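# Understanding the architecture of this molecule
Residue strings, one per chain:
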Amino acid sequence: MYHISFCAQANAASGMAVHDDCKLKFLELKAKRTYRFIVYKIEEKQKQVIVEKLGEPAQSYEDFTASLPADECRYAVYDFDFVTEENVQKSRIFFIAWSPDTSRVRSKMIYASSKDRFKRELDGIQVELQATDPTEMDLDVIKSRAS
């Protein structure tokens, strides 16, 4: 039993490739503000992270949260605009590791073990958030973490 568990963890931890598009779209979000958000998915068969969905600049935070599946893990990047108490317009780039309680255990393991390596590929992340249900990443949480 121990051996099987160990093999599954070793296999899950073995590196995921990151599709070039993941970095390119992130750079466009960061530098040109071409997108409001990016949702990333791990393709388990190809063992790589791919771009699943791109949010247009005019899309809202609600549009973003609606694009995350209720029972599957995802990585996401969200460009959050806000105004400080000093009335200064600012922006923070959030990295969100979405791992709902209802997702498969294997999927949670793969996403958890690949997260740090994937996040390192995206240079410019300012805030990281881990969420297992929608309340852990609602707009109030985002606002409090942004400032």
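About the cut-offs
- Residues numbered from 1 in each chain as written.
- Predicted model: local features only at pLDDT ≥ 70, side-chain atom pairs only at ≥ 80, totals over all residues.
- Heavy atoms only, no water.
- Helix = DSSP H or I, 4+ residues; strand = E, 2+ residues; numbered from the N terminus.
- Expected span 1.5 Å × (residues − 1).
- Bend = angle between axes of the 7 residues up to and from the residue.
- Buried < 20%, exposed > 50% of the residue type's maximum accessible area, 1.4 Å probe, protein only.
- Pairing = 2+ DSSP bridges.
- pLDDT = per-residue confidence, 0-100.
- Contact = heavy atoms within 4.5 Å.
- Lys, Arg positive; Asp, Glu negative; His and termini not counted.
- Salt bridge = Lys/Arg side-chain N within 4 Å of Asp/Glu carboxyl O.

The next thing to look at is helix 4 (residues 105-121). Across its 17 residues, helix 4 extends 25 Å between first and last C-alpha, which sits within 8% of the 24 Å expected from 1.5 Å per residue. A bend of about 50° at K115 is the largest found in helix 4. Listed as buried for helix 4 are S107, I110, Y111, S114, K115 and F118.

Right, let's get into the sheet that holds strand 6 (residues 127-131). Sheet architecture is open: six strands sit in the order 1-3-2-4-5-6, paired in mixed fashion. Two strands close off the open sheet at either side, each with one partner strand: strand 1 (17-18) and strand 6. Pairing analysis gives five bridges linking strand 5 (residues 89-98) to strand 6, with the strands arranged parallel. When the bridges of strand 6 are listed, F95 appears paired with E128.

Let's shift gears to the confidence of the model for the chain. In low-pLDDT segments, the atomic positions of the prediction should not be examined closely. Across the chain, the average pLDDT comes to 90, with 90% of residues at 70 or higher. Low pLDDT, under 50, characterises residues 1-14; the stretch is placed with nine contacts to residues that sit more than four places away or in other chains.

Moving on: helix 2 (residues 20-32). An ideal rise of 1.5 Å per residue puts 18 Å on 13 residues; helix 2 measures up with 18 Å between its terminal C-alpha atoms. Where helix 2 is buried, its residues contact strand 1, strand 2 (37-43), strand 3 (48-55), strand 4 (74-83), strand 5 and helix 4. Once helix 2 finishes, R33 follows within two positions and takes phi at roughly 55°, a positive value.

Now for the side chain of K25. Looking at the element boundaries, K25 is found in helix 2. Among buried Asp, Glu, Lys and Arg side chains, K25 stands out as unpaired, with D21 the closest opposite charge at 4.1 Å. Residue contacts for K25: discarding those within four places in its chain leaves Y35, I38, V51 and L54.

What follows concerns unusual backbone geometry. Its identity is not glycine, yet K47 carries a phi of approximately 55°, on the positive side. Turning to its location among the elements, K47 is positioned in the loop between strand 2 and strand 3. A relative accessible area of 37% places K47 in the partly exposed class. Phi angles above zero are rare outside glycine, and N87 is one such case at about 65°.

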